[in-house]
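Analysis of the macromolecular model
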Amino acid sequence: MYDYDLLVVGSANADLVVGLERRPGAGETVLGGDLAVHPGGKGANQAVAAARLGARTALLARVGDDGHGQLLLDSLRSAGVDTAAVLTGGAPTGVALITVDPSGDNSIVVSPGANARLTEDDVRTAAGVLGAARVVSAQLEIPLETVAAVVRALPEGTRFVLNPSPPRPLPDEVLAACDPLVVNEHEARVLLGDGETGDDPAHWARRLLALGPRSVVVTLGAKGALVCDASGARAVPSVTVAAVDTTGAGDAFTAALAWRLGAGEELAVAAAYAARVGAAAVTRRGAQESYPTAAEVAALDA
């Protein structure tokens, strides 16, 4: 019996968000709207998204002993995330600087802060939490060495889901553990690394699968997603919504996907549900504040 449906190992950031009409060019200053501060970070986002859907969720992360860290802890606990494995100190809380244009598209720069201090030793200390989770999810806003330590510490039978964001080359041991590897178009191109990916997501997915993961999911924004495993590649539709802010939508998708896979759903079925969760998230501003409940996802389908 597992204590957690999902353990997320990853980052926790304060999102500093400014809306603007257009992004500046090199050397240019552009005036934006008022600054908004939201709880974020890919790890914390995934944990909150899963908990809000009803998953029993825990987070292994590190925040600073500061106001931003308290903001994150309050948001996690409010959503029902177990924060016993959230460590404090070592550096200021990580910060993401986010600009959002009128179409809802965003650009993000991350200062890792305490996230960069989440270490292999922290993973070893959290062995009990790792052993209590049905699925473990990670991203790359924490050190890659820490993610590799998670893979090595996974108990037999625990499913591992990785969103390699921000993308970088992955060691074979990490690739081999991914079930699935979850990427968007940019991440797929970086991981393939040769500039010859073309425009066919199914081609990207098959090439990524050949690198070693057990399965691959390529997210396609408003077009849904594409899933690929040993049985082949399959398109997964989304639903049409009016996008307000895409910040954190990919994290909501990955969290929902990981949770539903842990519940025993097939990859394509879980991805279809995750696409609806991501669609619901883009209809509201912010990251964690935008994440829907299971009832709100069901209403989106109606």
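Here, the structure is the one placed above.
Residues numbered from 1 in each chain as written. Predicted model: local features only at pLDDT ≥ 70, side-chain atom pairs only at ≥ 80, totals over all residues. Heavy atoms only, no water.

Some points on the packing of aromatic side chains
Selection criterion: The rule is short: rings of Phe, Tyr and Trp, with Trp giving its six-membered ring, pair when the centres are within 6.5 Å, and they are stacked under 30 degrees, edge-to-face over 60, tilted in between. Counting from the N terminus, the helices are DSSP H or I runs at least four residues long and the strands are E runs at least two residues long. Remark: exposure states derive from per-residue accessible area (1.4 Å probe, protein chains only) relative to the maximum for the residue type, with buried under 20%, exposed over 50%, and partly exposed in between. Two limits define a charge over a ring: the Lys NZ or Arg CZ must be within 6 Å of the ring centre, and within 35 degrees of the ring normal.
Overall, the coordinates contain one aromatic pair when judged by the stated rule. Both rings, one in Trp259 and one in Tyr273, keep their centres 6.3 Å apart while their planes meet at 65°; by these two values the pair is edge-to-face. Remark: Tyr273 occurs in helix H10 (residues 267-281) and Trp259 occurs in helix H9 (residues 249-262); sequence separation between them is 14 residues. For Tyr273, a relative accessible area of 14% translates into the label buried. Between Arg260 and the ring centre of Trp259, over which it is positioned, the NZ or CZ distance is 4.5 Å. It is Arg260 that lies over the ring of Tyr273; its NZ or CZ is 6.0 Å from the centre.

Remarks on the pairing of strand S1 (residues 4-9)
Under the convention used in this document: Whether two strands pair comes down to DSSP finding at least two bridges between them.
The buried fraction of S1 is high, at six of six residues. Across five bridges, the pairing between S1 and strand S8 (residues 133-139) is parallel. By the bridge assignment, Tyr4 is partnered in S8 with Ala133. Direction of pairing for S1 relative to strand S4 (residues 57-63): parallel, over a ladder of four bridges.

Here we look at the state of the cysteines
The cut-off we apply is this: Here, a disulfide means two cysteine sulfur atoms that sit within 2.5 Å of each other.
Applying the stated criterion across every chain yields a total of zero disulfides. Sulfur of Cys178: no disulfide; nearest cysteine sulfur belongs to Cys228 and is 14 Å away. Since its relative accessible area comes to 0%, Cys178 is described here as buried. Among the residues examined, Cys228 registers a relative accessible area of 2% and is labelled buried.

That's the geometry; what it means functionally is another story.
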